[in-house]
Amino acid sequence: LCTVHLPVRRHGKNPVYVSKRARQLMGGGKGFYIYNGINTHEYEFSSEKRSYLLFMGRIIPDKGVLQAIQVAERTGKRLLIAGPIKAPVFFRREIQTRIQRNPNIRYVGPVGGDRKQKLLKHAECLLFPSLWEEPFGLVMVEAMACGTPVLALKNGSVPEVLSGFPQLICKSVGQMARKAQQKNYPSPAQLRLYVSQRFTNKQMTSNYLRLYREIIRRREQKRGHRKPIRR
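Predicted model only: the values in this text are computed from it and were never measured.

K.L.:
I tried to follow the sheet that holds strand β3 (residues 32-33) on my own but got confused; where do I start?
P.N.:
Each strand in a sheet pairs with another by means of backbone hydrogen bonds, the pair being arranged parallel or else antiparallel. With parallel pairing, 3 strands are arranged side by side in an open sheet as β1-β2-β3. Either end of the sheet is taken by a strand with one partner, and the two such strands are β1 (2-4) and β3. Helix α1 (residues 20-27) rests against β1, β2 (15-17) and β3 of the sheet, and its axis sits at about 130 degrees to β2.

K.L.:
What exactly am I supposed to notice about the sheet that holds strand β6 (residues 105-109) here?
P.N.:
Pairing is parallel across the open sheet formed by 6 strands, whose spatial order is β6-β5-β4-β7-β8-β9. Strands at the two margins of the open sheet, each flanked by one partner only, are β6 and β9 (169-170). Alignment of strand β8 (residues 150-153) against β9, held across 2 bridges, turns out to be parallel. Within the sheet, the bridge partner assigned to Leu-153 lies in β9 and is Cys-170.

K.L.:
When you look at the packing of helix α5 (residues 138-145) against helix α8 (residues 188-198) in this model, what are you seeing that I'm missing?
P.N.:
At a minimum axis separation of 7 Å, α5 and α8 run at an interaxial angle of 125 degrees. Between α5 and α8, the angle is such that the two are oblique. Residues Val-141, Met-144 and Ala-145 of α5 form the contact with α8, whose own contacting residues are Leu-191, Arg-192, Tyr-194 and Val-195. By residue class, the composition of the contact of α5 with α8 is 6 nonpolar, no polar and 1 charged.

K.L.:
Sorry if this is basic, but what is going on with the side chain of Ser-19 here?
P.N.:
Counting through the fold element by element, Ser-19 comes out in the loop between β2 and α1. By relative accessible area, which is 0% here, Ser-19 ends up buried. At a separation of 3.1 Å, a polar atom in the side chain of Ser-19 contacts the main-chain amide nitrogen of Ala-22. In contact with Ser-19, not counting residues within four places along its chain, are Tyr-33, Tyr-35, Pro-135, Ser-157 and Glu-160.

K.L.:
I would appreciate a short explanation of the nonpolar core in the present structure.
P.N.:
Within soluble globular proteins, side chains that are nonpolar generally end up buried alongside one another. Counting 62 residues, the largest nonpolar core has Leu-54, Leu-79, Ile-81, Leu-127, Met-144 and Leu-151 as the members making the most contacts within it. If we ignore the near neighbours within four places in the chain, the residues touching Leu-79 are Leu-53, Leu-54, Phe-55, Ala-68, Ile-69, Ala-72, Asn-104, Ile-105, Arg-106 and Leu-127. Grouped together as the second largest cluster of nonpolar side chains are 6 residues, Val-16, Phe-32, Ile-34 and Tyr-208 included.

K.L.:
I would appreciate a short explanation of the packing of aromatic side chains in the present structure.
P.N.:
Centre distance and the angle of the planes are the two values used to describe a pair of aromatic rings. Scanning all chains against the criterion turns up 7 aromatic pairs. Centroid distance Tyr-194 to Phe-199: 6.0 Å. Interplanar angle 65 degrees. Geometry classified as edge-to-face. Across this residue pair, the class does not change: Tyr-194 and Phe-199 are buried.

K.L.:
I keep staring at the side chain of Lys-179 and nothing clicks. Help me out?
P.N.:
Structurally, Lys-179 can be placed in helix α7 (residues 173-182). As a buried residue without a salt bridge, Lys-179 has its nearest oppositely charged side chain in Glu-124, at a separation of 14 Å. In contact with Lys-179, not counting residues within four places along its chain, are Leu-151, Gln-167, Ile-169, Cys-170, Asn-184 and Tyr-185.

What counts and how
Sequence order as written defines residue numbering, which begins from 1 separately in each chain. The predicted origin of the model limits local features to residues at a pLDDT of at least 70 and limits the giving and counting of side-chain atom pairs to 80 or more, whereas totals for whole chains, interfaces and linings rest on all residues. The basis for every side-chain value is the complete set of heavy atoms in the structure, and neither hydrogens nor water enter the calculation. Only strands joined by at least two bridges in the DSSP assignment are considered to pair. Comment: elements are numbered from the N terminus, with helices defined as DSSP H or I runs of at least four residues and strands as E runs of at least two. Should any heavy atoms of two residues lie within 4.5 Å, those residues are considered in contact. Every axis corresponds to a line fitted to the C-alpha atoms, with the helix fit spanning only the stretch in contact, and the corresponding angles, defined between N-to-C directions, vary from 0 to 180 degrees. Between 65 and 115 degrees an angle is taken as roughly perpendicular, under 35 as roughly parallel, over 145 as roughly antiparallel, and anywhere else as oblique. Gly falls in the polar group here, along with every residue not listed as nonpolar (Ala, Val, Leu, Ile, Met, Phe, Trp, Tyr, Cys, Pro) or charged (Asp, Glu, Lys, Arg). Buried means the residue's accessible area, taken with a 1.4 Å probe over protein chains only, is under 20% of the maximum for its type, while exposed means over 50%, and partly exposed covers the values in between. Polar contact is defined as a pair of N or O atoms within 3.5 Å, subject to the rule that within protein one atom must be able to donate a hydrogen and the other to accept it, and that residues adjacent in sequence are counted only when both atoms are side-chain atoms. Among buried residues, those of type Ala, Val, Leu, Ile, Met, Phe, Trp, Tyr and Cys that are joined through side-chain atoms within 4.5 Å constitute a nonpolar core. Here is the rule: rings of Phe, Tyr and Trp (six-membered ring for Trp) pair when centre to centre is within 6.5 Å. Planes less than 30 degrees apart are stacked, more than 60 are edge-to-face, and the remainder are tilted. A residue counts as positive if it is Lys or Arg and as negative if it is Asp or Glu; His and the chain ends are not included. Salt bridges are identified by distance alone: a Lys or Arg side-chain nitrogen within 4 Å of an Asp or Glu carboxyl oxygen.

Everything listed here is a matter of coordinates, which is why it stays silent on function.
So, in structure tokens, the structure goes:
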């Protein structure tokens, strides 16, 4: 059994994808899928939000950081950008110049630990304008565990991860900007509960154990149907 997080040529005999969409695109509909899970006790909850939007992820074109900036520009809201720069030329040409022109937009660098927690739990909203077929998008679950809503473009696993809150799924950057202005978000408590019911490490582990048992059962049945070898 092998979990497939990113597109690869060899998927193993029993590939497990991290969403239905990933199984469809990377596995041709074959194999299994099990959602990623987190330990919600490791994520600080806060019902008190501050007036900033948050983008958190690798700074590359496909992650949609430029689209997050466009949302901030259209709404006039503060935007904090957190994450490692993995495309330096793109950052210098497309991102840095827009940040320099807009005092409401700030790049805070790569984050982890307490700093990551504080950014997530106090954000008015996390923007997830991913442009590619994201297999899962763990930061969406992390944000909601902190009680922070997520506005995401309808790509990859987004319709699955946000299936309980379809009003947070956006068809375009313009719609995302309008939703950010309207702030018609679920309550922080609802978001936290949603994650605890669907995306915990205990649920993930149980699903993997169930799958292991099923694979073992199938193998034993297959062995049982084989004719004994005469010597």
